[in-house]
Amino acid sequence: MAIGILGGGLAGLTIAAHLDRECEVLEKESRGGGHCQTIQERGFTYDAGGPHIIFSRNQEMVDYMVSLLGDNVHRARRNNKIFYQGRYVKYPFENGLFDLEPQDRFECLYHYIKNDYPPPRTNFKEWIYHHFGKGLAEKYLIPYNEKIWNVPAEELGLEWVEGRVPKPPLEDVIKAAVGVETEGYTHQLYFHYPAHGGIESLPRSMAGRVPHIVSDFSVESIWRDPGGWCVSNGHSVRRYDAIVSTIPIQELAASLEGTPPEILAAVNALRYNSLVTVSVGFDSARLPDYTAIYVPDPEIRFHRLSLPAVFSPHNAPPGQSIIQAEITTNPGDGTHEMSDQALLADVIDDIQNMDLARRSEVCYGRVLRTKYGYVVQNDDCRRYLKQAKAYFEQMGIPLCGRVAEFEYINMDVCIERARKVASRLNLAAPAVAVPMEVSI
């Protein structure tokens, strides 16, 4: 069975690495990795699509991902902060209440204990108020989430929340308010990261197990004939007995010939945010040892800063340091239309205003844009997604990965689902063919 895998990101490479059938990966760029690509430039190493650290609630998945890196592993302890009204507050916010002004501390604790908000019915904003109370909701959780998702919290659904925003025990919130050390989100308190080469080392390890990868192949059209599936980039056609899609669901729908108008409409109604990453190198090593800084302030353009050299000390040259800013954006919001130069200057100004580094120390800067950055689970998402997935399932095209399934999943879940897809394909039929290419 010759299987064509559309997309050479982490999901596509993982499927191919676990197939015992003849297969081939089609990747539109010159190298794979997708959202897990890494930039190595002038001694700086950072992840193009924002930081990707290795953690999971599933220890088996952590062990598996770490095993793929061999000896190229650095283990670190989270030291995240939230920049709130000029203060660096411990993360998560509810575990850092003692870092707040006394009045803010009181309001967060009081409204967490005395909380009469009813159970949520339809949206994420209701969920936040019910689980965290007015203080935590309005000071941090709502402004931060509206900033990262670029949509009002009442327009976000509930399906994606479970397990991602855990409710802290009352005991921990009280301890945090009076200054007793507590830790939240303990499944990510310790994490792993490649010592060298950034997170792209992970998909590179998968790629080493895949015999057939076709680079610079942009999927433009897909159709089925009596011989199987045909995939074209406009210059040549690859033929397969079966295909799997890990490319954005919007691009699959547009490329697949005969997709009904109602399916195209459903897919195009799915909302996503683009991501801009702004990486700034400094000719100084005076940065704090924070792993990341969350920024709910709507007056600051980025929602998060990360410090790649804390993930691994090899991510910056000796005596230098690097900060990466993440900005979610959509066409028409003003940020999307800014030039790279203007975005870089804006980020540097805010980094200086946050007293992290000086403008005079800047020695490197680069802006990268990712079209499909975050899937947005708004009110209508599930209805449209169910309709679209049912159609592709009927067509016999499995979907796998964050942008293909349109699910907000991390690397661990992505790999886990990809291995399951490979297992199902391995059971489907014996190997009978080799991928073929014909010119058109």
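All of these numbers come straight from a predicted model, not from anything done at the bench. (Residues numbered from 1 in each chain as written. Predicted model: local features only at pLDDT ≥ 70, side-chain atom pairs only at ≥ 80, totals over all residues. Heavy atoms only, no water.)

Novice: I keep staring at the pairing of strand S2 (residues 23-26) and nothing clicks. Help me out?
Specialist: Regular strands show a simple pattern: their side chains alternate between the two faces of the sheet. Going residue by residue along S2, you find Cys23 and Val25 tucked away on one face and Glu24 and Leu26 tucked away on the opposite face as well. The sheet contact formed by strand S1 (residues 3-6) and S2 spans 4 bridges and is parallel. In the strand pairing of S2, Ile5 is matched with Val25. Where the polypeptide runs from S1 across helix H1 (residues 10-17) and back to S2, its parallel neighbour, the crossover connection is right-handed. With 2 bridges connecting them, S2 and strand S9 (residues 213-214) associate as parallel partners. Within S9, the residue paired with Leu26 across the bridge is Val214. (Buried < 20%, exposed > 50% of the residue type's maximum accessible area, 1.4 Å probe, protein only. Helix = DSSP H or I, 4+ residues; strand = E, 2+ residues; numbered from the N terminus. Pairing = 2+ DSSP bridges. Right-handed = clockwise from strand over helix to strand, strands pointing away.)

Novice: So what exactly am I meant to see when it comes to the packing of helix H3 (residues 102-113) against helix H5 (residues 170-178) here?
Specialist: How two helices sit against one another is set out by the angle between their axes and by the gap between those axes. At a closest axis distance of 10 Å, the pairing of H3 and H5 adopts a crossing angle of 160 degrees. By the angle between their axes, H3 is roughly antiparallel relative to H5. In this structure, H3 meets H5 at a crossing whose hand is left-handed. Judged by residue contacts, Arg105, Leu109, Tyr112 and Ile113 of H3 engage Leu170, Val173, Ile174 and Ala177 from H5. The class makeup of the residues in the contact of H3 with H5 is 7 nonpolar, no polar and 1 charged. (Axes fitted to C-alpha atoms, helices over the stretch in contact; angles between N-to-C directions. Parallel < 35°, antiparallel > 145°, perpendicular 65-115°, else oblique. Left-handed = near helix turned anticlockwise from the far one by under 90°. Contact = heavy atoms within 4.5 Å. Nonpolar A, V, L, I, M, F, W, Y, C, P; charged D, E, K, R; others polar.)

Novice: For this particular structure, what's the right way to read the packing of aromatic side chains?
Specialist: Counted under the stated rule, the structure contains 24 aromatic pairs. On the numbers, 5.4 Å between centres and 45 degrees between planes, the contact of Tyr193 with Phe311 is tilted. Placement of the pair is Tyr193 in strand S8 (residues 190-193) and Phe311 in helix H9 (residues 308-311), with a sequence separation of 118 residues. Across this residue pair, the class does not change: Tyr193 and Phe311 are buried. Here the aromatic cluster, defined as three or more aromatic residues joined through ring pairs, consists of Tyr84, Tyr91, Phe93, Tyr140, Tyr144, Tyr185 and Tyr294. Across the ring face of Tyr64, the terminal group of Arg419 is positioned such that the distance to the ring centre comes to 4.5 Å. (Phe/Tyr/Trp six-rings, centres within 6.5 Å; stacked < 30°, edge-to-face > 60°. Lys NZ or Arg CZ within 6 Å of the ring centre and 35° of its normal.)

Novice: Explain the sheet that holds strand S18 (residues 362-375) here, please?
Specialist: Two modes of strand pairing occur in sheets, parallel and antiparallel, and in both the strands are linked by backbone hydrogen bonds. In space, the 7 strands of this open sheet follow the order S7-S6-S15-S16-S17-S14-S18, with mixed pairing throughout. In this open sheet, the two strands that pair with only one neighbour each are strand S7 (87-90) and S18. Strand after strand, the sheet turns through a mean of 25 degrees between neighbouring axes, direction not considered. As paired strands, strand S6 (residues 81-84) and strand S15 (residues 292-294) are joined by 2 bridges and run parallel to one another. The residue bridging Lys81 from the neighbouring strand is Ile293, located in S15. Packing against the sheet, helix H4 (residues 124-149) makes contact with S6, strand S14 (272-282), S15, strand S16 (304-306), strand S17 (321-329) and S18, and its axis sits at approximately 85 degrees to S18. On the sheet, helix H10 (residues 340-353) packs against S14, S16, S17 and S18 and is oriented at approximately 65 degrees with respect to S14.

Novice: Whenever I open this one, unusual backbone geometry confuses me. Can you help?
Specialist: Backbone phi values are negative for most residues with the exception of glycine, while trans is the configuration of most peptide bonds. Put simply, Tyr91 and Pro92 share a cis peptide bond, and its omega is -10 degrees. Position of Pro92 among the secondary structure elements: in the loop between S7 and H3. Positive phi, close to 50 degrees, is recorded for Tyr185, a residue that is not glycine. Structurally, Tyr185 is set in the loop between H5 and S8.

In short, the description is geometric, and any link to function would need to be established separately.
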